[in-house]
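Residue strings, one per chain:
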Amino acid sequence: CRCGHGALVHFQLSVSPSGCTVQYEAVDAVAAEWQALLREAKQALTEVAESPQAEAEWLLSEQLGIDRSQLRVMPRAPTHAERQQFARALARRAAGEPFAYVAGTQPFRRLQLQVTPAVLIPRADTELLVEWTLEILRGMAKPARVMDACTGSGCVALALADEAPGHRYWASDC
């Protein structure tokens, strides 16, 4: 099969009762370089990642600023600077640093938040707090006043402001 950039790619689809997997095999040298980079990353992440292959792809796509699906059709080889940047990020993650801190972002509801080790990483269960608060706000007259104390990353106040505009929000960290 020829991808959109003209590179020749071979793939195999396997379907079983437990799921579906796709194996890609590069036929050209450029794709082979990217695959080798990802194979090395997968190996380095085996001890710290639940899904080393997927996390290697997410980390590389974050470093390149592209969608993960574009990794399969990169039209050029990785540059020296890209390899170095990825190696630094990979070393941090392989040492056990949380993925969100290495990537510098964490998705939360409809938002993509910037995070650093100075704040806690927004967790999925915190999204329930936002959902419950949204239900309460739906029944209130606007503008309700909402205070997010000990806000940390600000994810609760930011998500509420994004999904329930027209209210007044304050966020404060202790």
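Before going into details, it helps to say that this report is about the structure given with it. (Residues numbered from 1 in each chain as written. Predicted model: local features only at pLDDT ≥ 70, side-chain atom pairs only at ≥ 80, totals over all residues. Heavy atoms only, no water.)

### A look at unusual backbone geometry
For step 1, the next point in the chain: The amide bond that connects K142 to the next residue, P143, takes the cis arrangement and shows omega of -5°.
For step 2, the next point in the chain: Among the structural elements, P143 can be located in the loop between helix 5 (126-138) and strand 5 (145-149).
For step 3, the next point in the chain: The phi dihedral of R109 is positive, around 55°, even though this residue is not glycine.
For step 4, the next point in the chain: Topologically, R109 is positioned in the loop between strand 3 (105-108) and strand 4 (111-114).
For step 5, the next point in the chain: When its relative accessible area of 27% is taken as the criterion, R109 is described as partly exposed.
For step 6, the next point in the chain: A positive phi angle is found at C150, which is not glycine, with a value near 55°.
For step 7, the next point in the chain: Mapped onto the fold, C150 is located in the loop between strand 5 and helix 6 (155-163).
For step 8, the next point in the chain: For C150, a relative accessible area of 47% translates into the label partly exposed. (Helix = DSSP H or I, 4+ residues; strand = E, 2+ residues; numbered from the N terminus. Buried < 20%, exposed > 50% of the residue type's maximum accessible area, 1.4 Å probe, protein only.)

### Considering the packing of helix 5 against helix 6
For step 1, the next point in the chain: In the contact formed by helix 5 and helix 6, the axes pass within 10 Å of each other and the chain directions differ by 40°. The orientation of helix 5 with respect to helix 6, classified from their angle, is oblique. Here helix 5 and helix 6 pass one another in a crossing that is right-handed. Contacts between helix 5 and helix 6 involve T126, L129, V130, T133, L134 and L137 from the former and C155, V156, A159, L160 and E163 from the latter.
For step 2, the next point in the chain: Broken down by class, the residue content of the contact of helix 5 with helix 6 amounts to eight nonpolar, two polar and one charged. (Axes fitted to C-alpha atoms, helices over the stretch in contact; angles between N-to-C directions. Parallel < 35°, antiparallel > 145°, perpendicular 65-115°, else oblique. Left-handed = near helix turned anticlockwise from the far one by under 90°. Contact = heavy atoms within 4.5 Å. Nonpolar A, V, L, I, M, F, W, Y, C, P; charged D, E, K, R; others polar.)

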